[in-house]
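Letter by letter, the chains look like this.
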Amino acid sequence: MSGAGAPRTGSIDGRGLSVVIVAGTWHDTITNGLIAGAERVLNEAQATHRLVRVPGSFELAVAAQAAFAGGADAVVALGVIIRGGTPHFEYVSAATTDGLTRVSLDAGKPVGFGVLTLDDEKQGLDRAGLEGSREDKGAEAADAALRTALVTRELRAGR
């Protein structure tokens, strides 16, 4: 885990943006930390947002697609995938990443990627934005979604 390469950014004006946080339900403590970080960033930016939950990370892409069909300007996708003893980890991680990328490109709108792919639970707790965590990946994903939504809005307006 690096953290050292994270961008240094200032405040964001997210007024007028509609954002949907789509989060899996596995690994509650970690996921709830990610959600709290994302919600904090969206509240500080004054973006309109709502939270929807899906069973797991594999289902994030279809929920993100529905959020865009419903008018969202951006999605923050949050999930936790922990490596086990079978190839399941690789399949779910790749399908989740590919699915969210496809949804974002098809919609022409940003998906803030806050899906943690981990070797163990400790790595997730260290990235979940909880007390004692070294990183806050939920906040980072929300920040990325907002900033990219603002950039794409400017580009489409010819600025």
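Keep in mind that this is a model prediction, so the values were computed, not measured.

J.: Help me understand helix α5 (residues 137-156), please; the structure alone is not making it clear to me.
T.: At 3.6 residues per turn, the α-helix brings residues three or four places apart onto the same side. In this model, α5 (20 residues) spans 28 Å end to end at C-alpha, consistent with the 28 Å of a helix rising 1.5 Å per residue. Within the sequence span of α5, burial applies to G138, A139, A141, A142, D143, A145, L146, A149 and T152. Those residues of α5 hidden inside the fold are in contact with β1 (18-23), α1 (28-45), β3 (74-82) and β4 (111-118). Of the residues flanking the end of α5, it is G158, one or two places downstream, whose phi is positive at about 80°.

J.: Would you explain unusual backbone geometry in this entry?
T.: In terms of backbone geometry, most residues other than glycine have negative phi values and most peptide bonds are trans. One non-glycine residue, H27, lies in positive phi territory at about 55°. Within the secondary structure layout, H27 lies in the loop between β1 and α1. The phi dihedral of Q46 falls on the positive side, at around 60°, and the residue is not glycine. Note on placement: Q46 falls in the loop between α1 and β2 (48-53).

J.: Would you take a moment to explain the layout of surface pockets for this structure?
T.: Take a probe with the size of a water molecule and roll it over the atoms, and the empty space left behind shows itself. Estimates place the volume of the second largest pocket at around 240 Å³. Every residue lining the second largest pocket is counted, 14 residues in all, and those nearest its centre are W26, V80, I81, H88 and V92. Looking at the lining of the second largest pocket, the elements that each hand over two or more residues are β3 and α3 (88-107). Partitioned by chemical class, the residues of the lining of the second largest pocket number seven nonpolar, six polar and one charged.

Conventions adopted
The residue count restarts for each chain, going from 1 along the sequence in the order it is written. Since the coordinates come from a predicted model, pLDDT governs what is reported: local features require at least 70, and pairs of side-chain atoms require 80 or more to be given and counted, while whole-chain, interface and lining totals use all residues. The side-chain numbers reported here are obtained from all heavy atoms of the structure, hydrogens and water having been left aside. Labels follow the DSSP assignment, with helices taken as runs of H or I lasting at least four residues and strands as runs of E lasting at least two, numbered in each case from the N terminus. Every helix has an expected span of 1.5 Å times one less than the residues it contains. The buried label applies to any residue whose accessible area, calculated with a 1.4 Å probe on protein chains only, is under 20% of its type's maximum; exposed applies above 50%, and partly exposed to all values in between. Contact criterion: two residues are considered in contact whenever any of their non-hydrogen atoms come within 4.5 Å of each other. Lining residues are those with an atom within 4 Å of a point, where the points come from a 1 Å grid over the protein atoms alone and group into cavities, where a 1.4 Å probe fits but cannot get out, or pockets, open sets with protein on both sides within 12 Å along at least five of seven lines. Grid points are joined across faces, edges and corners, and a volume is the space filled by probe spheres set on the points. The residue classification treats Ala, Val, Leu, Ile, Met, Phe, Trp, Tyr, Cys and Pro as nonpolar and Asp, Glu, Lys and Arg as charged. All others, Gly included, are polar.

Without other data, these values stay purely geometric and don't point to any function.
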